[in-house]
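Chain by chain, the residues run as shown.
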Amino acid sequence: MPLVTFSNPEYKDKTVYAVAGSHTETLLKLAKEHKIPVHHDCQDGECGNCIVRVSSVDSKQQRMGYHLTDKEQTVLRHLGKLTKEDIERLALDDMPSEWRLACQMIVRDEDILVEY
Ligand code: FES
């Protein structure tokens with residue numbers, strides 16, 4: 001099972017196990033289940049309140065590329081976290097974005113650190 005560590009300077013780090021390969025559980029859902037106070041509002045990839053920084057802490061494997069939905073791309077660009085060029089480069093290199101919307105990111109079989 002992947003390990004997801006949620007970290008915030010105001011709170012103690014909390015590590016939770018995610019259900020591997022369910023392909024249905026978003027990072028925000030996981031946070032809510034474990035009472036981790038990740039900000040959110042719309043829960044539909046539009047407000048940008050749930051923005052988090054995600055990095056891999058999995059030494060065993062290479063980073064997996066993640067598909068950013070059109071909505072997520074628009075919000076991340078609007079927030080100034082990604083440029084159009086960044087998005088194109090990530091897609092071309094099949095690499096994940098470090099900035100994600102927790103309500104849009106599906107947890108996969110990879111150990112990650114989530115800063116919120
Ligand atoms: Fe609004 Fe995620 S809660 S974009």
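Residues numbered from 1 in each chain as written. Predicted model: local features only at pLDDT ≥ 70, side-chain atom pairs only at ≥ 80, totals over all residues. Heavy atoms only, no water.

In the annotation of an unreviewed UniProt entry, the entry for the protein reads Ferredoxin, and the organism field reads Thiorhodococcus drewsii AZ1.

Novice: Would you mind going over the environment of arginine 63 with me for this structure?
Specialist: For arginine 63, the location among the structural elements is in the loop between strand E3 (51-56) and helix H2 (70-78). Given a relative accessible area of 25%, arginine 63 falls into the partly exposed group. Along the sequence, arginine 63 and isoleucine 112 sit 49 residues apart, while their C-alpha atoms lie 10.0 Å from each other. Residues contacting arginine 63, with those up to four places away along its chain left out, are Val54, Ser55, Ser56, Met95, Pro96 and Glu110. (Helix = DSSP H or I, 4+ residues; strand = E, 2+ residues; numbered from the N terminus. Buried < 20%, exposed > 50% of the residue type's maximum accessible area, 1.4 Å probe, protein only. Contact = heavy atoms within 4.5 Å.)

Novice: How do you make sense of the pattern of salt bridges when you look at a structure like this?
Specialist: Any two side chains of opposite charge can pair, on the condition that their charged atoms come close. A complete count under the given rule lists 7 salt bridges for this structure. A salt bridge links arginine 100 to glutamate 72, with the shortest nitrogen-to-oxygen separation between them at 2.7 Å. With arginine 100 in strand E4 (residues 99-101) and glutamate 72 in helix H2, the pair connects residues that are 28 residues apart, well separated along the chain. Taking relative accessible area as the criterion, glutamate 72 reaches 0% and is therefore assigned buried. Overlapping salt bridges bring together Asp44, Glu46 and Lys71 as one network. (Salt bridge = Lys/Arg side-chain N within 4 Å of Asp/Glu carboxyl O.)

Novice: Honestly, the confidence of the model for the protein in this entry has me stumped. Any pointers?
Specialist: Residues shown with low pLDDT carry predicted positions that ought not to be read at fine detail. Here the protein averages 88 in pLDDT, and 94% of its residues register 70 or above. Of all secondary-structure elements in the protein, the lowest mean pLDDT belongs to strand E2 (residues 11-17), at 80, while E4 reaches the highest, 96. (pLDDT = per-residue confidence, 0-100.)

Novice: What am I meant to see in the sheet that holds E4 here?
Specialist: Note: strands within a sheet are paired through backbone hydrogen bonds, in either parallel or antiparallel orientation. The strand order E2-E1-E5-E3-E4 describes an open sheet built from 5 strands, whose pairing is mixed. Of all strands in the sheet, those with a lone pairing partner are E2 and E4, marking the two edges. Strand-to-strand twist across the sheet, computed as the mean angle between neighbouring axes with direction ignored, equals 30°. Alignment of strand E1 (residues 3-8) against E2, held across 5 bridges, turns out to be antiparallel. By the bridge assignment for E2, leucine 3 is matched with tyrosine 17. (Pairing = 2+ DSSP bridges. Axes fitted to C-alpha atoms, helices over the stretch in contact; angles between N-to-C directions.)

Novice: Where do I start with unusual backbone geometry in this structure?
Specialist: Comment: phi is negative for the bulk of residues other than glycine, and the bulk of peptide bonds are trans. Not every positive phi belongs to a glycine, and lysine 35 is a case in point at roughly 55°. Mapped onto the elements of the fold, lysine 35 is located in the loop between helix H1 (27-33) and E3. Lysine 35 gets classed as exposed once you look at its relative accessible area, which sits at 73%. Unlike most non-glycine residues, glutamine 43 shows phi in positive territory, near 60°. Here glutamine 43 lies in the loop between H1 and E3.

Novice: Can you walk me through the packing of aromatic side chains in this structure?
Specialist: Considering all chains together, one arrives at 2 aromatic pairs under this definition. Seen in terms of ring centroids, phenylalanine 6 and tyrosine 116 are 6.4 Å apart; in terms of plane orientation they differ by 75°. Their pairing is edge-to-face. Of this pair, phenylalanine 6 sits in strand E1 while tyrosine 116 sits in the segment after strand E5 (112-115), and the two are 110 residues apart along the sequence. Its relative accessible area of 1% is what places phenylalanine 6 among the buried residues. The class for tyrosine 116 is buried, based on a relative accessible area of 18%. Ring centres 6.3 Å apart and planes at 15° place the aromatic pair tyrosine 11 and tyrosine 116 in the stacked group. Here the residue tyrosine 11 occupies a position in strand E2, and tyrosine 116 occupies one in the segment after E5, the gap between them amounting to 105 residues. Members of the aromatic cluster, joined through ring pairs, are Phe6, Tyr11 and Tyr116. One Lys or Arg, lysine 81, reaches over the ring of tryptophan 99 and ends 4.1 Å from the middle of that ring. (Phe/Tyr/Trp six-rings, centres within 6.5 Å; stacked < 30°, edge-to-face > 60°. Lys NZ or Arg CZ within 6 Å of the ring centre and 35° of its normal.)

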